[in-house]
Amino acid sequence: AKDRLSSQTLPENSATGSTSTAITEPRARLQAYVDSHSVVIFSKSTCKRCTEVKKLFKSMCVPYFLLELDQTEDSWLVSKPIGSGVTALGHSPVLFSERRKLCGHGPTLKAYQEGSLQKLLKMNGSEDLPGTYDYDLIIIGGGSGGLAAAKEAAKYNKKVMVLDFVTPTPLGTKWGLGGTCVNVGCIPKKLMHQAALLGQAVRDSRNYGWNVEEKVGHDWGKMTEAVQNHIGSLNWGYRVALREKKVTYENAYGQFVGPHRIKTTNNKGKEKIYSAERFLIATGERPRYLGIPGDREYCISSDDLFSLSYCPGKTLVVGASYVALECAGFLAGIGLDVTVMVRSILLRGFDQDMANKIGEHMQEHGVKFIKQFVPIKVEQIEAGAPGRLKVVAKSTNSDKIIEGEYNTVLLAIGRDACTRKIGLEAVGVKINEKNGKIPVTDEEQTNVPYIYAIGDILEGKPELTPVAIQAGRLLAQRLYAGSTVKCDYENVPTTVFTPLEYGACGLSEEKAVEKFGEENIEVYHSYFWPLEWTVPSRDSNKCYAKIVCNMKDSERVVGFHILGPNAGEVTQGFAAALKCGLTKQQLDSTIGIHPVCAEVFTTLSVTKRSGGSILQAGC
Ligand code: FAD
Ligand code: NA7
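Per chain, the residues get numbers from 1 upward, laid out in the order the sequence is written. Chains and ligands are labelled sequentially in the order written, the chains with letters from A and the ligands with numbers from 1. At least 70 in pLDDT is required for a residue's local features to be given in this predicted model, at least 80 for side-chain atom pairs to be given and counted, and no such filter applies to totals for whole chains, interfaces and linings, which use all residues. Side-chain numbers come from the whole structure's heavy atoms, not from hydrogens or water.

1. Describing the sheet that holds strand E19 (residues 408-411)
In this analysis, strands are considered paired if DSSP registers two or more bridges between them. Helix and strand labels come from DSSP, where a helix needs a run of H or I of at least four residues and a strand needs a run of E of at least two; each type is numbered from the N terminus. Taken in spatial order, the 5 strands line up as E12-E19-E13-E14-E15 in an open sheet, and their pairing is parallel. The strands lining the two open edges of the sheet, one partner per strand, are strand E12 (300-301) and strand E15 (368-371). Inspection of the sheet shows strand E13 (residues 315-318) paired to strand E14 (residues 338-342) by 4 bridges, in the parallel sense. When the bridges of E14 are listed, valine 318 appears paired with methionine 341. Together, E13, E14, E15 and E19 form the strand contacts of helix H12 (residues 322-333), whose direction differs from that of E14 by roughly 165°. Any pair of residues with heavy atoms lying within 4.5 Å of one another is described as a contacting pair. Axes, fitted as lines to C-alpha atoms, cover a helix only where it is in contact. Angles between the N-to-C directions of the axes lie from 0 to 180 degrees.

Here is the structure:
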């Protein structure tokens, strides 16, 4: 990255024509500003280009002295040049750094993109920068976000490297390229959920005339092998895709060691140093542990579950997050004895009406819940695959202690951002010390301008694969293809794959009430009974549809919620409608598809406020 900024000191009084005597005094004043501040911006408050440049300096956290020329007594400056080469103040800002004049808007932005502005401003030890960089972009983390950004940047002929390294779990589980979603998240989770749904389908099939033997067993080993084979093919596909796109992939752990420099360590302990003009942190999260005796020795996390070499048997799931409930759901669905230990509420952050209905449904289908308890000790009674474990737990609202015996204890009590061991202090990237998350601008830039971050490690953003992918792609397009499109983190749809699936987009009822006030919210809702479930005569009036509307804004739909089969498929389409500003009236004028579950949204007529009956008897 070459320094392409021209520089000069403020010229002598060289302005032309009759104004030359008149400007002597203001010129001295301007020169004094330039002399006494390391960065000075002369701007016009109404000028868009000036605003962009001010925003840039703010985002870089570079302090500057600002003179809004249209708001000073030196108003003549707006229409007159202040020196040779310093023109058109009305259309572009004029900048000085260390008494050197920088060119206006365009060149400044370009210099920033190339990194030479940062160098000129001597940011983050940039004096010590390598003359040329090994890579244009080094991405730390080859998961959903990192791989998407790498492939996109490579499209624009950038030299890109991806570092991906999986630190094994306390029990030694590790996996291949692709990150959480592919290896220990969305993919195996959804496939195991499907295994459970098939169990239900086998039972239903008897009512549809299939002669299925009374006892139908499930083979954990076969399921896990098939799931892992699929994951293996995905891992391979990612490697091939990187090679085809000429992205360098290193299976090594990355740690910043200084400005623009990273150290990589492979599984044999071999270290290398690389430099890059820019870096992208996409290191994701890993499961949290309880910090009680026996947790790391005897408990597993979702990182171990999907490749467990033996059937987990009687399982205690600790936590009530979506990961906890999804795992509990499919384990029960394949016939295991499952108990969930809940510290406070189910699915914190999700609509609680929906969360409680999920809990009731799981309970009716055999999942046991121990509420308001937390484990305090896990002991091994007998080693084995699975062995036997004793769990001692304490009530959260009394001194009551309980004990239970399980084959497996699965911890799903949240995930920690992988940001504390990657040398961020060496480059000055700030994290939220409480949760390790990285705050970024709306362009995914950290407080260190040449370092960006995306995915699960971002503060206050949805932790979902498509979000990480979208952010990564758009970032690469902005950095290398002149795009200005930013990632929109609003109205992101999601689905919880519990036995009764839950799809949601927009606000929960609680959040909508908080935001708009209860009196301004109308909630329309209804139970429904999927036609397919009527013949086996199961789960009547368990599925549920709800929309939350803002009465002050033409009953715009601000929250969409569905509990039922294929909730993700249903929610995806409605999410597009919400993005387009869907109103209740538009939903009413939409003709349904019969006979499907989603048609219920075109006929919602009962408001929660009215207390009217919402039970349905079929079509
Ligand atoms: P990740 O995909 O986690 O990738 C980060 C990568 O960086 C990892 O491979 C990690 O090993 C590597 N790494 C970390 N530190 C370093 C380092 N210093 N050097 C080199 N490499 C490093 N999302 C959905 O959208 N739908 C779902 O249904 C869904 N289900 C989920 C189920 C479970 C059980 C879990 C745990 C998550 C689920 N998610 C789901 C969330 C989804 O997996 C994440 O949002 C997504 O993977 C985040 O992508 P990322 O790029 O931020 O990080
Ligand atoms: P969350 O959403 O942070 O949920 C953590 C859950 O675990 C929640 O139910 C907590 O209960 C519970 N928890 C937390 N600490 C404990 C202890 N010490 N004991 C018992 N229970 C506890 O995490 P997720 O697993 O959903 O994962 C977050 C991201 O990972 C998600 O967005 C996906 O991207 C994947 P609480 O409600 O706090 O009482």
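2. Points about the site of ligand 2
Proximity is defined per residue: any heavy atom of the residue falling within 4 Å of a molecule or strand makes that residue near it. Taken together, 17 residues lie near ligand 2, and Arg343, Ser344, Arg348, Arg415 and Glu463 sit nearest. In this structure, an oxygen atom belonging to ligand 2 sits 3.5 Å away from a main-chain N or O atom of glycine 414. Note that accessible areas follow from Shrake-Rupley with a 1.4 Å probe, and for residues the cover is restricted to the protein chains shown. When ligand 2 is considered free in solution it has 790 Å² of accessible area, and contact with the protein chains removes 79% of it. Pairs of N or O atoms are called polar contacts if they sit within 3.5 Å, as long as, within protein, a hydrogen donor faces a hydrogen acceptor (for residues adjacent in sequence, only side-chain-to-side-chain pairs).

3. Examining H12
Compared with an ideal rise of 1.5 Å per residue, which puts 12 residues at 16 Å, H12 spans 16 Å between its outermost C-alpha atoms and is within 8% of the ideal. A large share of H12 lies buried, amounting to 9 of its 12 residues. Within H12, the full set of buried residues consists of Ala324, Leu325, Glu326, Cys327, Ala328, Gly329, Phe330, Leu331 and Ala332. Glycine 335, located one to two residues past H12, shows a positive phi value of around 105°. By this rule, a helix spans an expected 1.5 Å times one less than how many residues it contains. Between buried and exposed lies partly exposed: a residue is buried under 20% and exposed over 50% of the maximum accessible area for its type, with that area taken using a 1.4 Å probe on protein chains only.

4. Focus on unusual backbone geometry
Put simply, alanine 385 and proline 386 share a cis peptide bond, and its omega is 0°. Relative to the assigned elements, proline 386 resides in the loop between strand E16 (373-382) and strand E17 (388-395). The residue lysine 246 is not glycine, and still its phi comes out positive at about 60°. Among the structural elements, lysine 246 can be located in the loop between helix H9 (220-244) and strand E7 (248-250). The exposed category is assigned to lysine 246, whose relative accessible area is 70%. A positive phi angle is found at leucine 347, which is not glycine, with a value near 50°. Overall, the relative accessible area of 0% leaves leucine 347 in the buried class.

5. A look at the pattern of salt bridges
The salt bridge criterion pairs a side-chain nitrogen of Lys or Arg with a carboxyl oxygen of Asp or Glu, the two atoms within 4 Å. Under the counting rule described, the total for this entry stands at 32 salt bridges. Among the salt bridges present, the one from lysine 189 reaches glutamate 326, with a minimum N-O distance of 2.8 Å. Linking lysine 189 in helix H8 (residues 186-205) with glutamate 326 in helix H12, this pair joins segments that are 137 residues apart in sequence. We note that lysine 189, like glutamate 326, is buried. For glutamate 405, the salt bridge goes to arginine 388, with nearest N and O atoms at 2.7 Å. Residue glutamate 405 is located in strand E18 (residues 401-406), and its partner arginine 388 is located in strand E17; the two are separated by 17 residues in the primary sequence. With relative accessibility at 30%, the residue arginine 388 sits in the partly exposed group. Each of Asp351, Asp353, Lys357, Glu509, Lys546 and Lys608 takes part in salt bridges that share partners, so that together they form one network.

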